[in-house]
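# Observations on chain architecture
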Amino acid sequence: MNINLINYDKSEPTKISEVLQQEKDIKELNIYCNKKHEIHAHQKDKKRYYEFKEGACYEMTSTWPVKHGSGMCTMIMNVSSDGITEVLKFDGEDFVSSKEILELIKQNDELYIQGLSLYDAVMESLEEDRATPINFYNESMVAYQETCCKIKMEYF
């Protein structure tokens, strides 16, 4: 399925999740903003892969259940063609890398960004100092630069 956001009012995110919920058999999704290909997403088994094209920049929220517990984890991050560029929040708090938080991130084994598992993408961004800590079953995305389209995506 292809979605093209034309003359988009950036004040409100587009809810891609509503399209996906109506079309249950979608295995592949291409998102364009003003005819520019920004995101290629596909699903294989239960894994969801997001590939952000050059110039794409989004704020992405991922939520997943805690294994061996009853809670949920939520992580908000900035993503681009470079992968995760900054982890903003984890469970509503400013992100600070710790062994406990990284173990919780590792539990999200369904989300892949630029070909890397969420955990590996976070580790790469921390190693490359792209995700600067400030002293991840659903995804939503909103652009974090004025020139980008805003979208909201829940579960693909």
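As the structure is a computational prediction, the values presented were derived from the model and not from experiment.

## Details of the overall build of the chain
A count of helical and extended segments in the chain gives three helices and 13 strands. Burial status across the chain gives 44% buried among its 156 residues. Carbon and sulfur atoms make up 46% of the accessible area of the chain, which totals about 8,400 Å².

## Points about the pairing of strand 6 (residues 57–65)
Within strand 6, seven of the nine residues are buried, which leaves the element mostly enclosed by the surrounding structure. The pairing of strand 6 with strand 7 (residues 72–80) spans nine bridges and is antiparallel. Bridge assignment links E59 to a residue of strand 7, and that residue is N78. What sits between the antiparallel neighbours strand 6 and strand 7 is a turn of six residues, in which H68 has the positive phi angle 60°.

## Things to note about helix 3 (residues 118–127)
For helix 3, every residue scored as buried is listed here: L118, Y119, A121, V122 and S125. Down the axis of helix 3, the sector holding all buried residues measures 165°, keeping them to one side. Its buried side turned inward, helix 3 meets strand 6, strand 7, strand 8 (83–90), helix 2 (99–106), strand 10 (111–113) and strand 11 (116–117).

## Observations regarding unusual backbone geometry
Positive phi values are uncommon outside glycine, yet D91 reaches one of about 50°. Within the secondary structure, D91 is located in the loop between strand 8 and strand 9 (93–94). Among the residues examined, D91 registers a relative accessible area of 38% and is labelled partly exposed. You will see that Q114, though not glycine, has its phi angle at about 55°, which is positive. Position of Q114 among the secondary structure elements: in the loop between strand 10 and strand 11.

## As for the packing of aromatic side chains
Taken as a whole and assessed by the stated rule, the structure comprises four aromatic pairs. Arranged with centres 6.5 Å apart and planes meeting at 20°, the rings of Y50 and F52 form a pair that is stacked. Members of the aromatic cluster, joined through ring pairs, are Y50, F52 and Y58. The side chain of K106 reaches across the aromatic face of Y119, ending 4.7 Å from its centre.

## Comments concerning the pattern of salt bridges
A side chain of one charge can pair with a side chain of the opposite charge when the charged atoms of the two come close. Enumeration over the complete set of coordinates arrives at six salt bridges. The closest approach of N and O atoms between D94 and K89, which form a salt bridge, is 2.9 Å. Under the relative-accessibility criterion, D94 is labelled partly exposed at 38%.

## Description of helix 2
Buried residues of helix 2: I101, L102, L104 and I105, and no others. Each buried residue of helix 2 lies within a common arc of 160° when the element is viewed along its axis, so the set occupies one face. Turned more than 90 degrees off the buried face of helix 2, the exposed positions are K99 and E100. Looking at the buried side of helix 2, the elements it contacts are strand 6, strand 7, strand 8 and helix 3.

Cut-offs used in this document
Residues numbered from 1 in each chain as written. Predicted model: local features only at pLDDT ≥ 70, side-chain atom pairs only at ≥ 80, totals over all residues. Heavy atoms only, no water. Helix = DSSP H or I, 4+ residues; strand = E, 2+ residues; numbered from the N terminus. Buried < 20%, exposed > 50% of the residue type's maximum accessible area, 1.4 Å probe, protein only. Areas by Shrake-Rupley, 256 points an atom, 1.4 Å probe, with all protein chains shown as cover. Pairing = 2+ DSSP bridges. Arc of directions from axis to C-beta. Contact = heavy atoms within 4.5 Å. Phe/Tyr/Trp six-rings, centres within 6.5 Å; stacked < 30°, edge-to-face > 60°. Lys NZ or Arg CZ within 6 Å of the ring centre and 35° of its normal. Salt bridge = Lys/Arg side-chain N within 4 Å of Asp/Glu carboxyl O.

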